[in-house]
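# Residue-level structure breakdown
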Amino acid sequence: MADKREHHNHKSNNHKEHTQAHERDEHTATGHHDAHEEHEQHNHGGGHDHHDHDHGDMVADFKKRFYISLILTIPILLLSPMIQDFMEVDWRFPFDQWILFGLSTIVFFYGGWPFLIGAISELKQKNPGMMTLIGLAIFVAYGYSSLVVFGWSGKNFFWELATLIDIMLLGHWIEMRSIMGASNALEELVKLMPNEAHRVKENGETEDIAVSELQTGDRVLVKPGEKIPVDGVILEGKSAIDESMLTGESMPVEKNPDEEVIGGAVNQEGSLTIEVKKTGDDTYLSQVITLVKEAQDSKSRTQDLANRAAKWLFYIALAAGFGTLFIWLALGYAFDVALERMVTVMVITCPHALGLAAPLVVAVSTSISAQKGLLIRNRTNFEGARELNAVVFDKTGTLTKGEFGVTDIIPAGSNNENDVLLWAASAEQNSEHPLAEGVLHKAEERELNLKEVSDFESMTGKGLKGRVEGKEVLVVSPGYVNERSFEYDKDQFNSLSEKGKTVVFVLVDDELIGMIALADMVRDSAKEAVEKLKEMDIHPIMLTGDNQKVADWVADQLGIEEVYAEVLPHNKSDQIKKIQQKGWKVAMTGDGVNDAPSLATADLGIAIGSGTDVAMETADVVLVKSNPKDVVSIMDLSKKTYRKMLQNLWWAAGYNIVAIPLAAGALAFMGLLLSPAVGAVLMSLSTVIVAINAKLLKA
């Protein structure tokens, strides 16, 4: 496992430059980034903390604008003649309309400013969307209503202006806050980092300094029970390291000199002297946070759908508005009457519900995915997960745990399985070797009472020995047994070896009492994942560089029928393409550097959280808990999220389908003309339905 884990910290500067370039590009995208394009200009290249600070400021800014606009909306509603008529009250007083104009002007320029700036940005790009639609509606409502205050014949729409701005600000605030939530969840890890480190001076003495003062090349002492302050390489000592906080790997990892360690991991046993390799933004933890930045900037297909809907509504608003004006004039109505109809249509075309349709679902979906341990880097590909036909799994570290467990015990002579296991486990209880851990775990499972061991000694490359109850016990390799010409069942040994199992022999007082086979253990969650996928009529496939017999043994344990083994790393992506040529949508799940090309090629790349940073960099979704069963959760959540977004967009559009023709006067000949008051009720109803529908999204 060490060779796999050493890649955790290997990340080139190219990725860092790519991320900064990515951030520069994505801030010009539609949505709330437009509204704050100039607000964020100074952010680029300023480091991750600065980025977090600015994004947090944007959330706080929308929140502040929303609350101030909401407070001002209350007197606007009370002073609006339309609302008073609807409530059948008369609260008019001298200059009340001027007060109404003043309050509405503040809401228009203060609350509506992000949307006006966003609209200008979209129009510059010749790509009208949500911001342009909102900008058009509030500009027309404010412009026309101001004319009415200054003497134009008609009714003002200040109440519509204020409520539209309030709801749009609320939608953007909710969406941005939910996306920030994913970032904050990971940034909590930073708080768990130690503030101080024991730096080892040249004379061997230690001094306590702030972690921020550490430089690459410094030597640091980490005592048992302490957290490792930075990414580095072990110079002296060996210990079990708990990396679960960072990787999701539940079992502590044995680390020896020359192996890499991750800042934030817990040193459980021995003292370690570490040479600092990475600090600041280069550390593993900072790079994981960078993944969240990419997730924040990733465009969602259904959000694009919402923007496309807004784009069409913008054109419909212009066409329907001017069409209404000309038709009413052609029918002989006065210009002020025709203009009022035109304004009513253009204001109503921007449904309040559309502003909440996508953000509310994104907020709920993001919250659910965080709870389930899913880090979504690319929302577009995540939402495409609902159409998957096949899921391809890497074997080692994905379907298997990457840790040894006992699979077979073959006794010799009159001994039984427990005899063999008891002698081996008793001798190995002082060993830190991964194979010894597997044997001890099996003995613990069988509740065997281990005997005391003395004169314990590790024999490099051969095994170990110790004295148990006065007898010399050896747990050794096949090479040791063959050298001394011990007799054993070679057929059974060969059968076990061909399946990729590691076999050790147990000797007591120079007598062979049996052999124990160990293998990389299959994850229980992998079995459940494969079963679930089959139930969903999705094909589970194994793709591995390991030999065919080992792959077949693991596949047999899991019930996977389609296996591609002995595939070289650069050929893995070709194999994905072959599966895609069937017309299938394919997900790839892996954890290693060799999986990166296939993760990028697949329709959905899924990285196991305990894998390498290169795999996580390439993947669309990272399983923080390293649980293959979460692959099923991805598809399930993807389907539900997409369904909710479509439902909400239809509810929002449904309001327009009914309201626009009525507002334009299509049924005026029947005496049915949509009054602004009824329009307000329809608008409110649509918004409430969208909000409730989004909240009904369940995991």
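About the thresholds
- Residues numbered from 1 in each chain as written.
- Predicted model: local features only at pLDDT ≥ 70, side-chain atom pairs only at ≥ 80, totals over all residues.
- Heavy atoms only, no water.
- UniProt positions renumbered as here; feature names shortened; annotations may be inferred.
- Pairing = 2+ DSSP bridges.
- Helix = DSSP H or I, 4+ residues; strand = E, 2+ residues; numbered from the N terminus.
- Axes fitted to C-alpha atoms, helices over the stretch in contact; angles between N-to-C directions.
- Contact = heavy atoms within 4.5 Å.
- Core = buried A, V, L, I, M, F, W, Y, C linked by side-chain atoms within 4.5 Å.
- Buried < 20%, exposed > 50% of the residue type's maximum accessible area, 1.4 Å probe, protein only.
- Parallel < 35°, antiparallel > 145°, perpendicular 65-115°, else oblique.
- Left-handed = near helix turned anticlockwise from the far one by under 90°.
- Nonpolar A, V, L, I, M, F, W, Y, C, P; charged D, E, K, R; others polar.

In the nomenclature of an unreviewed UniProt entry, the protein chain corresponds to P-type Cu(+) transporter from the organism Thalassobacillus devorans. Among the UniProt annotations of the protein chain, the heading Sequence similarities (unreviewed entry) holds the following wording: "Belongs to the cation transport ATPase (P-type) (TC 3.A.3) family. Type IB subfamily."

## Some thoughts on the sheet that holds strand β15 (residues 471-476)
The antiparallel open sheet is built from six strands, whose spatial order is β12-β17-β16-β15-β14-β13. Only two strands of the sheet have a single partner each, and these edge strands are β12 (400-411) and β13 (453-459). Each adjacent strand pair in this sheet contributes to an overall mean axis angle of 20 degrees, direction not counted. Inspection of the sheet shows β12 paired to strand β17 (residues 511-522) by eight bridges, in the antiparallel sense. The residue bridging I409 from the neighbouring strand is I516, located in β17. Lying over the sheet, helix α20 (residues 490-498) contacts β12, β16 (502-508) and β17, oriented at roughly 140 degrees with respect to β16. Along the sheet, helix α22 (residues 548-558) contacts β12 and β17; its crossing angle with β17, the most-contacted strand, is approximately 70 degrees.

## As for the nonpolar core
Counting residues in hydrophobic clusters, the biggest one holds 107 residues, and the most contacted among them are I138 and I634. Examining the composition of this core, we find that 13 residues originate from one element, helix α8 (residues 130-149), more than from any other. Beyond its immediate chain neighbours, meaning those up to four positions away, I634 contacts L374, F382, A385, L604, I606, V621 and L623. Residues V475, V506, I513 and I516 belong to the second largest nonpolar core, which totals 24 residues.

## Examining the sheet that holds strand β7 (residues 260-261)
Spatially, the six strands line up as an open sheet ordered β2-β1-β3-β9-β4-β7, and their pairing is antiparallel. What marks the edges here is a single partner per strand, and that holds for β2 (206-210) and β7. Sheet topology note: the strand β1 (residues 196-200)/β2 ladder contains five bridges and is antiparallel. Looking at β2, one finds that E196 is bridged to A210.

## Side note on the packing of helix α7 (residues 113-124) against α8
Axis angle and axis distance: for two packed helices, these are the angle between their axes and the distance between the axes, and together they describe the pair. Axis separation between α7 and α8 bottoms out at 7 Å; the angle between their running directions is 125 degrees. Relative to α8, α7 is oriented oblique. As for the relative orientation of α7 and α8, their crossing is left-handed in sense. Where α7 approaches α8, its residues P114, F115, L116, G118, A119, E122 and L123 are matched on the opposing element by M130, M131, T132, I134, G135 and I138. Among the residues forming the contact of α7 with α8, the class breakdown is nine nonpolar, three polar and one charged.

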